[in-house]
Amino acid sequence: MKCAVILAGGKGTRMKSDAPKVMCSVLFQPMLHYVIRAVKEAGCESICVVTGYKHEVVEEYLSQDIETAYQNPQLGTGHAVMTARSFVEKHIGDKILILNGDGPLMDAETINAAYAYHEENENAVTLVSAIVDDTEGIGHIKRDENGALLRIVEHKDATEEEKNIKESNAGVYWFNGESLLYAISNIKNNNAQKEYYLTDSIEILLKSGKKAGAFVCENSEAVLGANDRRQLNILNTIMRRNINDAHMINGVDIPCTDGVMIGADVKIGRGTSILPNTIILGNTVIGENCTIGPNSYIKDGRIGNGVVLDNVRLTDSEVEDGADCGPFVHIRAGSKLCKGVHIGDFVEVKNSVVGEGTKCAHLTYIGDSDVGSNVNFGCGTVTVNYDGKNKHRCKIGNNVFLGCNTNLIAPVEIGDFAFTAAGSTITDNVPENALSIARAKQVNKEGWVNEKKPYKNM
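Okay, so let's go over this structure. (Residues numbered from 1 in each chain as written. Predicted model: local features only at pLDDT ≥ 70, side-chain atom pairs only at ≥ 80, totals over all residues. Heavy atoms only, no water.)

A few points about the packing of helix α1 (residues 31-41) against helix α5 (residues 108-120)
Describing two packed helices takes the angle between their axes plus the distance from one axis to the other. The N-to-C vectors of α1 and α5 enclose an angle of 50 degrees; their axes lie 8 Å apart at closest approach. Of the possible angle classes, the one that applies to α1 and α5 is oblique. The handedness of the crossing between α1 and α5 is right-handed. Contacts between α1 and α5 involve Ala-38, Val-39 and Glu-41 on the former and, on the latter, Ala-108, Ile-111 and Asn-112. Residues belonging to the contact of α1 with α5 are distributed by class as follows: four nonpolar, one polar and one charged. (Axes fitted to C-alpha atoms, helices over the stretch in contact; angles between N-to-C directions. Helix = DSSP H or I, 4+ residues; strand = E, 2+ residues; numbered from the N terminus. Parallel < 35°, antiparallel > 145°, perpendicular 65-115°, else oblique. Left-handed = near helix turned anticlockwise from the far one by under 90°. Contact = heavy atoms within 4.5 Å. Nonpolar A, V, L, I, M, F, W, Y, C, P; charged D, E, K, R; others polar.)

Here you go:
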């Protein structure tokens with residue numbers, strides 16, 4: 001059985017954030033989100049997250065199936081694993097993955113490739129390494145003349161010759177459970193920082209006659225982490241590029257990637273075009289042959305085939321096949337636009353169902369309403385859903401024509417094939433096939449302007 005310990009206790013001082021380091025975001029998700037996702041995709045059935053700084057923030061974020069261990073004070077990576085000793089003891093016969101919670105680019109492919117190397121070589125511990133150009137601050141992988149792993153030398157403790165070694169420790173390890181328990185039981189803090197380093201487990205296990213190896217990761221980006229906001233920006237750039245590339249390979253058209261940000265969990269059908277300055281997040285699913293953008297924001301949307309969303313903000317709502325929206329449209333949570341709906345400029349829909357073929361061309365608010373099919377909303381129509389204390393719903397039947405600047409004072413029902421006259425304020429139900437006129441009679445007062453002189457300089 002595979003299981004994992006994720007180290008997530010750091011403060012991340014250089015991030016200059018009040019949040020724990022692992023909760024700093026990449027593409028609008030905490031870095032920890034991506035690590036947990038990769039670990040689960042790699043087949044780890046049990047996970048323990050070691051928390052520390054503001055542990056309650058991390059613990060609140062985690063799902064209930066994930067165990068936690070609390071590291072306080074924080075005395076190094078070895079000490080972090082020591083705090084998860086009960087988890088290690090419980091999985092003494094399993095393979096235990098240890099990795100950092102601030103490495104969002106680590107993927108299941110790399111994790112499983114390292115696992116295969118670990119098993120094939122019958123190692124007690126296998127670390128993941130990468131060849132890097134910038135050797136400042138890394139843990140250098142020291143090998144013998146035959147290429148066998150000897151130990152990890154921290155940069156501050158390395159000789160000038162060792163500082164030139166470009167093979168870097170990625171901070172990712174596969175351990176046999178019993179070997180990990182032995183190692184953390186024997187790690188000492190005989191160093192200037194008086195901390196317990198997990199890297200010392202390599203020498204400990206080698207001296208005990210166990211086998212240790214280093215798997216060189218071909219994708220050096222997978223091992224990147226972030227210590228400050230500049231490095232966090234680099235992770236965002238790489239993640240964004242990787243996700244966009246994957247969608248394009250799968251048949252999604254992104255003619256210009258400027259401002260296009262797509263979350264890792266988003267699914268998009270082939271033939272769909274994503275235009276500049278479009279952000280798509282959450283568990284959004286978009287069908288085939290759609291045009292999304294420019295300048296659109298979608299979170300947790302369910303979008304059918306052949307949909308056009310131009311300058312649209314949509315959250316937690318559904319749009320069925322062939323509907324089009326925009327420009328400058330807001331679709332708020334709980335809404336459903338059925339097939340062939342047209343929503344034009346400066347329209348807001350909130351917590352409403354809009355039936356097939358309904359048209360709402362411009363300057364309208366549809367809130368808390370159940371709208372039938374083939375309804376026409378005149379310009380400036382408003383469903384007045386709030387009375388100052390409670391929200392109420394409107395029900396609008398099929399084939400209704402709502403004249404310009406109609407106010408529907410909820411709760412009110414409009415029957416099938418009914419009409420409302422422009423400028424009407426509807427407070428009572430309208431029967432089907434009826435015309436409802438609800439406006440004051442026009443009165444013209446001749447000579448009033450000359451008499452009252454309401455304008456300046458008269």
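Some thoughts on the state of the cysteines
Across all of its chains, the model carries zero disulfides by this definition. Free cysteine: Cys-48, not disulfide-bonded; nearest cysteine sulfur from Cys-3 at 9.6 Å. Residue Cys-48 is classed as buried on the basis of its relative accessible area of 2%. Cys-379 supplies the cysteine sulfur nearest to Cys-360, a cysteine that is in no disulfide, at a spacing of 9.2 Å. (Disulfide = S-S within 2.5 Å. Buried < 20%, exposed > 50% of the residue type's maximum accessible area, 1.4 Å probe, protein only.)

Focus on the pairing of strand β5 (residues 67-70)
Pairing analysis gives four bridges linking strand β4 (residues 46-51) to β5, with the strands arranged parallel. Across the sheet, the residue bridging to Val-50 is Ala-69, located in β5. Once the chain exits β4 it traverses helix α2 (residues 55-61) before rejoining the sheet at β5, and the crossover so formed is right-handed. (Pairing = 2+ DSSP bridges. Right-handed = clockwise from strand over helix to strand, strands pointing away.)

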